[in-house]
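# Observations on chain architecture
Single-letter residue listing:
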Amino acid sequence: MAKKIRASVPAKVILFGEHFVVYGKRALATAINRRLAVAVSSREKAGYHVKIENIPTFGIELDLDRKKGDKKAYPYTDFGTATKAIAYVRESIEYLEQTYGIGSEGVELEIKSAIPLSAGLGSSAATCVATIAALKEYFGVSGDLDAIRDDAHSVEKKVQGAASPVDTAISTYGGYVSVENGKVTRLHLAELDLIVGCVGSIPLSICQDTKKASEMRLKTKKIVAEVKTRKETFTRIFDSILNASDEITVQAIRAMEHTDFVKLGALMNINHGLLDAIGVVPRRLSELVKMSQELGALGAKVTGAGGLDELGGVGSVVVLPGEPVERLKTAMEIAGALVMDVKTGDAGLRIETGF
Ligand code: MEV
């Protein structure tokens, strides 16, 4: 088979309702114009050869104090990029072999990504959707977008234990989706200009400890489990928080429909407060949000799973900027963030052949 297929998908930003969506409450998410692509072609040798390039990362920690001759170091890039992305690629291939009986001829997979890892921007779901879509197309497995989304969601759940359909839906369909009680609805809402800031670095103690390293790789799973414990400890309080979050998402969708950005920003700030209440806002993300609010942003919040201080506080914030944007971005960069201007509502899965 001498053909070449490329599947590309967008990153996601959860605007409202992360974590609470796991308990059936409404969430609103959007695709952003940062994409990941998987190219599939044939190779002579049997089996799969996977090449991962240029995944943006942040926060490198190195031990320069090691004894002479010991060249071993544990930069975040080595640890995060290879192991995490590979887990999702490997599981996607296994799933396709078992479910659709795809062949075992020689296949070359080349992954290129503009989505930072472990940042709450959907890199895992994007890897699953793009890998599955490219391989299905390559092996001529028929099926529509919904089937690709379901396949990718099954793989994501298998790797990380539990996952709502938010991330895989956004990677597949693009645009905006709301999710409630596991049901995905595609929405047509206006484009927004947002700023996303990612921070954190994985402490050496985690990189060097196999158990902790695997916890870090499955950061979302660990954080979701911690939230569950808090829910079980404070049942009635948590119920009120869940209901408040649901109402915030409803009002946010309305605010977007009426292009009421002041209200939208205020709702982001309230949502952030709820995320803080359930313990998913580490110090560095908290600082970024506070700083953005002080510098005139209309709204700012943690997005995605958030983070934990003991896991290096790695994660992202999303900011709806007021004016002036440049001052805010510079301040975020000085605070150590990888800062990205993003547009919402990017296109979903795109498949190209013969390039
Ligand atoms: C992860 O992107 C968002 C969470 O709500 C988990 C999920 O929805 O599966 C924290």
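Residues numbered from 1 in each chain as written. Predicted model: local features only at pLDDT ≥ 70, side-chain atom pairs only at ≥ 80, totals over all residues. Heavy atoms only, no water.

## Brief notes about the environment of Leu274
By the secondary structure assignment, Leu274 is in helix H9 (residues 261–277). For Leu274, the contacting residues outside a window of four places in its chain are Phe20, Ile241, Ala244, Ser245 and Ile248. (Helix = DSSP H or I, 4+ residues; strand = E, 2+ residues; numbered from the N terminus. Contact = heavy atoms within 4.5 Å.)

## Section: the site of the ligand
Around the ligand lies a shell formed by Lys12, Ile14, Glu18, His19, Val21, Val22, Ala163, Ser164, Asp167 and Ala305. Between the ligand and His19, the relevant distance is 2.9 Å, taken from an oxygen atom to a main-chain nitrogen or oxygen of the residue. Measuring from an oxygen atom of the ligand, one finds a side-chain N or O atom of Ser164 at 2.6 Å. Here the ligand has 300 Å² of accessible area as a free molecule, and 95% of this is covered by the chains. When the residues that make up the shell around the ligand are grouped by side-chain class, the tally is 5 nonpolar, 2 polar and 3 charged. (Near = heavy atom within 4 Å. Polar contact = N/O pair within 3.5 Å; in protein donor to acceptor, adjacent residues only side chain to side chain. Areas by Shrake-Rupley, 256 points an atom, 1.4 Å probe, with all protein chains shown as cover. Nonpolar A, V, L, I, M, F, W, Y, C, P; charged D, E, K, R; others polar.)

## Topic: helix H2 (residues 123–138)
Its 16 residues place the ends of H2 22 Å apart at the C-alpha level, agreeing with the 22 Å of an ideal helix rising 1.5 Å per residue. Within H2, 15 of the 16 residues are buried, leaving the element largely enclosed by the surrounding structure. Trailing H2 by a residue or two, Gly140 shows a phi angle of about 65°, which is positive. (Expected span 1.5 Å × (residues − 1). Buried < 20%, exposed > 50% of the residue type's maximum accessible area, 1.4 Å probe, protein only.)

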